[in-house]
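The primary structure of each chain is shown beneath.
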Amino acid sequence: MLRIGQGYDVHQLVEGRELIMGGEKIEFHLGLLGHSDADVLIHAIMDALLGALALGDIGKHFPDTDETYKGISSIKLLEHVRILLEKHGATVNNIDAIVVAQQPKMKPHIPKMQENIARILKLDISQISVKATTEEYLGFTGNLTGIKSYAVALLAVKHVSKEK
């Protein structure tokens, strides 16, 4: 059986934080504000994967009220999601994601982001698509107030477990 999930995440850009995207540190004068490292790309992907199995969202699994996750690398959280997928007999066919940011330019970092995601999910890099776009100086991404990401994941599932 095939299952599809979609994910979305957004975080505010602020001074004094590192910018982490797809598990990569990107040199920029602003970073994303969040309880974890605020990696919107990884967060959107995790929500897409969890959604495909109707397992809720990242807030359910990694609540921002739990100090365990304060400052944690989203790559570590993605690894936990991969283990959940395995427990539910799901394999990832592919992931298609997009980062929406006016600055900095994501293109030079995309190959490494794809490698990081593929490595953690134990996939071939050809199964991971990461794209980037701007909003032509419109909205909160255009005025450098935040960055957002969308993701879609297609999973093959042997059976759908009622256990959440």
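The structure under discussion appears in the preceding block.
What counts and what doesn't
- Residues numbered from 1 in each chain as written.
- Predicted model: local features only at pLDDT ≥ 70, side-chain atom pairs only at ≥ 80, totals over all residues.
- Heavy atoms only, no water.
- Core = buried A, V, L, I, M, F, W, Y, C linked by side-chain atoms within 4.5 Å.
- Buried < 20%, exposed > 50% of the residue type's maximum accessible area, 1.4 Å probe, protein only.
- Helix = DSSP H or I, 4+ residues; strand = E, 2+ residues; numbered from the N terminus.
- Axes fitted to C-alpha atoms, helices over the stretch in contact; angles between N-to-C directions.
- Parallel < 35°, antiparallel > 145°, perpendicular 65-115°, else oblique.
- Left-handed = near helix turned anticlockwise from the far one by under 90°.
- Contact = heavy atoms within 4.5 Å.
- Nonpolar A, V, L, I, M, F, W, Y, C, P; charged D, E, K, R; others polar.
- Expected span 1.5 Å × (residues − 1).
- Phe/Tyr/Trp six-rings, centres within 6.5 Å; stacked < 30°, edge-to-face > 60°.

### What about the nonpolar core?
Alright, step 1. With 51 residues, the main nonpolar core has M21, L49 and I147 as its most contacted residues.
Alright, step 2. Of all the elements in the fold, those that place two or more residues in this core are β2 (19-21), α1 (40-52), α3 (74-87), β5 (90-100), α4 (110-121), β6 (128-133) and β7 (146-157).
Alright, step 3. Sort the elements by how many residues they give to this core and α1 lands first, with ten residues.

### Topic: the packing of α1 against α4
Alright, step 1. Contact geometry of α1 with α4 gives a least axis separation of 12 Å together with a crossing angle of 40°. The angle between α1 and α4 places the two elements in the oblique class. Here α1 runs over α4; the crossing is right-handed. Contact residues: α1 offers L41, I42, I45 and L49, while α4 offers M113, I117 and L121.

### Observations regarding the packing of α3 against α4
Alright, step 1. Viewed as axis vectors pointing N to C, α3 and α4 meet at an angle of 40°, and their least axial separation amounts to 9 Å. In terms of orientation, α3 and α4 fall into the oblique class. Between α3 and α4 the crossing geometry is right-handed. On α4, the residues touching I75, L78, E79 and R82 of α3 are N116, I117, I120 and L121.
Alright, step 2. The class makeup of the residues in the contact of α3 with α4 is five nonpolar, one polar and two charged.

### Let's talk about α4
Counting along an α-helix, one turn takes 3.6 residues, and residues three or four places apart therefore face a common direction.
Alright, step 1. Given a rise of 1.5 Å per residue, twelve residues ought to cover 16 Å, and the 16 Å separating the end C-alpha atoms of α4 matches this to within 8%.
Alright, step 2. Turning to α4, its buried residues are I110, M113, Q114, N116, I117, A118, I120 and L121.
Alright, step 3. Buried positions along α4 lie against β2, β3 (24-26), α1, α3, β5 and β6.
Alright, step 4. Positive phi shows up at K122, right after α4, with a value of about 60°.

### Some words on the packing of aromatic side chains
Alright, step 1. Considering all chains together, one arrives at two aromatic pairs under this definition.
Alright, step 2. Taking 5.0 Å as the distance between ring centres and 45° as the angle between the ring planes, the aromatic pair formed by Y8 and Y150 counts as tilted. Placement of the pair is Y8 in strand β1 (residues 2-14) and Y150 in strand β7, with a sequence separation of 142 residues.
Alright, step 3. Looking at Y8, the relative accessible area reads 37%, which means it is partly exposed.
Alright, step 4. Using a relative accessible area of 36% as the deciding quantity, one classes Y150 as partly exposed.

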